[in-house]
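Residue-level structure breakdown
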Amino acid sequence: YAEPLYVANVKIPNHRTHNVVYIATENDSVYAFDADRGGPPLWQTSFLSPGVTPIPAADTGCGQIVPIIGITATPVIDPASGTIYVVAQTKETGSYVHRLHALDITTGSERPNSPVVISPTAQGSSGTITFDTLRQKERAALLLVGNTVYLAASSHCDIEPYHGWLVGYDKSSLNQTAVFNTTPDGSEGAIWMSDGGSSADAEGKIYVSTGNGTFDADTGGPDYGDSFVKLDPSTLGVLDFFTPFNQAMLSDGDLDLGSGALMLLPDQPGPNPHLAVSAGKGATLYLVNRDNLGKFNSTADQIVGEISGQIGPLFGTPVYFNGRIYIISSSQPAVAFDLANGSFASDAPSMASSIDFTGESGTPVISANGTANPILWAIDSVGGTAVLRAFDANNLATELYDSQQNPTRDLAGNYVKFTVPTVINGKVYVGADSQVSVYGLLAEPSPPRSAQVTVIESANSKIRPNHTINGGVFQLTNTATSPEALTSVTIGFSSPSLFSSAHLVAKLNSAQGDGFVTEVSATSIFTLTKSLVVSPKRVVRFHLQLTGAEETGLSASSQSVVAVSAGANVSGLPATLGQVAPN
């Protein structure tokens, strides 16, 4: 469920420097792989041991994450210290434990003070609220702001008792620094955001969206169900909030506002430069002013703009590119809404894809060269199979690629809901059930290899019926530093007209007995085929023999052989080993 993460130029002990992709699993393991080539993990860290297992999904009574629950939230990496922060859930001799781990990205080993047990408390009108380790789970991606790591908690299905939690930890000591409980005088209000993450602005202020739950903030209470909430990063005290006018209807209808995560836009022109956008299961797109979120108005929302009826329920995060907001909502096409002067340019999308995304495919990613050649990437589900799709972000009606076009080569595995593609360094990393697939441009054919073919002996004789003559000895030298898989040798002659009635059988033997045999008719060029691996620096001599079915004036001397080139196949890519001069 967690998104793959990428770090460039990581020096792994006893290895060379690698670009590394980090993968966390529900089996409570974290893996580091070379991001650019196959092979075993560079390291693996498991948080399991005798008596310590992932939490069985059956224990929770909820089928949202099956069959086990371990690491669900996308980790966060601090590149300055080379640390990856991971939340793992385990079952230990009948108890349920949540821990925050800090791992060295070069070795996977625990940092000093790691791990720490997650056990926040909050004060409500009825007393102290204790974090319930069976009923709560960390689903939203972790957030790193300054020296603090923040994690958020939601529920398994809607099985109570639960609350929404946001908890801060010092990134070095892992001491708990601050706690926010969404509904201390009530219940529910989960922070899950469909695997999206909490957001932070340039000042470090933190933004979350919450799900169905108690709401009384409009009357001065501490409960923020179905709300966008702005928090102080030091204390996690509430600085501002927005709650839709129909919050009670949303909560009663299980239409969580918090199924979508807030995206903070770059500064915009106009009177409201600091904006954020999101939606929820209620299928309304909200554009809010981060400097004045709008709070609650029972008659009409006091926000910058909102659009209803143009998207479906959102399970994920929007994406922004070059003045447009892109949304993929449930069972709808990908759509884009234009912004103008810090507001929606129109209530209708400016473009849409021709393909409806299924179910819970919710968070796209855009790659581009500056503002040129933008591509919108997203993971869809087709019959339970994960499908990577790529669209022209300037014209969503154009699908550039999908992984079902060549399923034998590109199949991504079984779909996992809410998954987000990671696009970096010319590759796309797609997480699925039990696998991560890496996509990129297919390699171009390799340039000609460094090799030589030389005629070192020749014969001069006409070809007669059923008479075999020697056409010369050819020497091939592999000057490359790796073996060459020789699959064919092509030979051309200077007198094609002499082949008009000739029927030839050609054989090319090396001193090691490797025979390349073909049968040609009425052509001046023919190819001899057989597999032979030529070792680095190895010299191989081939003896050409020609047998004619009809008499021909063709001379088999070296004067008549105009070219000899050897084709090779190395790691699946075609190459050329060399050729001789016309003489």
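Along each chain, numbering runs from 1 in the same order as the chain's sequence is written. At least 70 in pLDDT is required for a residue's local features to be given in this predicted model, at least 80 for side-chain atom pairs to be given and counted, and no such filter applies to totals for whole chains, interfaces and linings, which use all residues. To get the side-chain values, all heavy atoms of the structure are used, and hydrogens and water are removed first.

For helices the rule is a DSSP run of H or I covering at least 4 residues; for strands it is a run of E covering at least 2, with both sets numbered from the N terminus onward. Along its length, the chain carries three helices and 50 strands. Buried positions account for 53% of the 583 residues belonging to the chain. Residue contacts are defined here by distance: any two heavy atoms, one from each residue, within 4.5 Å place the two residues in contact. Counted over contacts in the chain with a minimum sequence separation of 6, partners at least 24 positions apart contribute 57%. In this scheme, a residue with accessible area under 20% of its type's maximum is buried, one over 50% is exposed, and one in between is partly exposed, where area comes from a 1.4 Å probe on protein chains only.

Below, the discussion takes up the sheet that holds strand E38 (residues 427-432). A pair of strands counts as paired when DSSP detects no fewer than two bridges linking them. The sheet built from three strands is open, its strands ordered E37-E38-E39 with antiparallel pairing. Every interior strand has two partners, whereas the edge strands, strand E37 (422-424) and strand E39 (435-440), have only one. Geometrically, the sheet is characterised by an average inter-axis angle of 20° between neighbouring strands, direction not taken into account. Helix axes are fitted only over the stretch in contact, all axes being lines through C-alpha atoms; the angle between N-to-C directions runs from 0 to 180 degrees.

On to the packing of aromatic side chains, then. Note on aromatic pairs: the rings of Phe, Tyr and Trp (six-membered ring only in Trp) are paired at centre separations within 6.5 Å, and the planes decide the class, stacked below 30 degrees, edge-to-face beyond 60, tilted for the rest. The full count for this structure, using the stated rule, is 16 aromatic pairs. Judged by centre distance (6.0 Å) and plane angle (45°), the ring pair of Tyr22 and Trp43 falls under tilted. Taken as a pair, Tyr22 in strand E2 (residues 17-24) and Trp43 in strand E4 (residues 43-46) lie far apart in primary sequence, 21 residues in all. In this pair, the class of Tyr22 matches that of Trp43, namely buried. Three or more aromatic residues joined by ring pairs make a cluster, and in this case those are Phe180, Phe215, Tyr224, Phe241 and Phe296.

Time to look at the pairing of E38. Two faces make up the sheet, and in a regular strand the side chains alternate between them. In terms of burial, E38 is a largely internal element, five of the six residues being buried. Of the pairings in the sheet, the one linking E37 to E38 comprises three bridges and is antiparallel in character. Considered in E38, the bridge of Ile424 is made with Lys427. Taken together, E37 and the strand that follows it, E38, pair antiparallel across an intervening segment of two residues, in which Asn425 is found at a positive phi of about 55°. Sheet analysis places E38 next to E39, joined by six bridges and oriented antiparallel. Its bridge partner being in E39, Gly431 is matched across the sheet by Val436. What sits between E38 and E39 in their antiparallel hairpin is a turn of two residues, with Ser434 showing a positive phi close to 70°.

With that out of the way, let us pick up the pattern of salt bridges. Salt bridges, as used here, are contacts in which a Lys or Arg side-chain nitrogen is within 4 Å of a carboxyl oxygen on Asp or Glu. Under the counting rule described, the total for this entry stands at 17 salt bridges. Notably, a salt bridge pairs Asp402 with Arg389, separated by 3.8 Å at the nearest N-O pair. With Asp402 in strand E36 (residues 395-402) and Arg389 in strand E35 (residues 385-392), this residue pair connects regions lying 13 residues apart in the sequence. Here Asp402 matches Arg389 in class, with each residue buried. If you follow the salt bridges from partner to partner, you end up with Asp380, Arg389, Glu399 and Asp402 in one network.

One open sheet holds the five strands; their spatial order is E19-E20-E21-E22-E26, and the pairing between them is mixed. The sheet terminates laterally at strand E19 (199-200) and strand E26 (295-296), the two strands that pair on one side only. In the sheet, strand E20 (residues 206-209) pairs with strand E21 (residues 228-231) via four bridges, with the strands oriented antiparallel. In the sheet register, Ser209 faces E21, and the bridge partner there is Phe228.

Between Val66 and Pro67 the backbone carries a cis peptide bond, its omega angle lying at 0°. With respect to the element layout, Pro67 can be found in the loop between helix H1 (57-60) and strand E7 (68-69). Pro161 follows Glu160 through a cis peptide bond whose omega is 5°. Position of Pro161 relative to the elements: it lies in the loop between strand E16 (148-155) and strand E17 (165-170). Even without a glycine there, the phi angle at Asn425 is positive, about 55°. Overall, the relative accessible area of 48% leaves Asn425 in the partly exposed class.

Criterion for a disulfide: a pair of cysteine sulfur atoms at a distance within 2.5 Å. For the structure shown, the criterion picks out one disulfide. Between the sulfur of Cys62 and that of Cys157 lies a disulfide, 2.1 Å long from S to S. On the sign convention where negative means left-handed, the S-S torsion of about 80° between Cys62 and Cys157 marks this disulfide as right-handed. In this pair, Cys62 sits in the loop between H1 and E7 while Cys157 sits in the loop between E16 and E17, placing the two residues 95 residues apart along the sequence. Look at Cys62 and you get buried, because its relative accessible area is 6%. Taking the relative accessible area as the measure of exposure, Cys157 reaches 26% and is therefore partly exposed.

Below, the discussion takes up the side chain of Asn181. Secondary-structure assignment places Asn181 in strand E18 (residues 176-181). Since its relative accessible area comes to 6%, Asn181 is described here as buried. Residues adjacent in sequence count toward polar contacts only when both atoms are side-chain atoms; beyond that, a polar contact is any pair of N or O atoms within 3.5 Å, and within protein one must be able to donate a hydrogen and the other to accept it. Here the side chain of Asn181 touches Thr183 through a polar contact of 2.9 Å, landing on its backbone nitrogen. If we ignore the near neighbours within four places in the chain, the residues touching Asn181 are Ala122, Ile129, His163, Gly164, Trp165 and Pro222.

Attention now goes to the confidence of the model for the chain. In predicted models, pLDDT denotes the confidence assigned by the predictor to each residue on a 0 to 100 scale. Of all residues in the chain, 76% attain a pLDDT of 70 or more, and the chain-wide mean is 86. Long-range and interchain partners of residues 447-457, a stretch whose pLDDT sits below 50, account for 41 contacts in this model, where long-range means more than four residues apart.

As for its placement among the helices and strands, Asp347 is situated in the loop between strand E31 (343-344) and strand E32 (351-356). Between the C-alpha atom of Asp347 and that of Glu306, which follows or precedes it by 41 residues, the distance is 8.2 Å. Sequence-distant contacts of Asp347, defined by excluding residues within four places in its chain, comprise Ile307, Gln310 and Phe337.

The pairing of E17 with E18 spans five bridges and is classified as antiparallel. Looking at E18, one finds that Trp165 is bridged to Asn181. Where E17 folds back onto E18 in an antiparallel hairpin, the turn is made up of five residues, including Leu174, whose phi is positive at roughly 60°.

Our next topic: the side chain of Ser278. Structurally, Ser278 is set in strand E24 (residues 275-278). A polar contact is formed between the side chain of Ser278 and the backbone oxygen of Ala261, at a distance of 2.9 Å. In contact with Ser278, not counting residues within four places along its chain, are Phe228, Gly260, Ala261, Leu262, Thr284, Leu285, Tyr286, Leu314 and Pro318.

What follows concerns the environment of Met351. Within the secondary structure, Met351 is located in strand E32. Sequence spacing of Met351 and Val335 is 16 residues, and the spatial spacing of their C-alpha atoms is 5.7 Å. Beyond its immediate sequence surroundings of up to four residues, Met351 is in contact with Arg324, Ala334, Val335, Ala336, Ala393, Asn394, Asn395 and Leu396.

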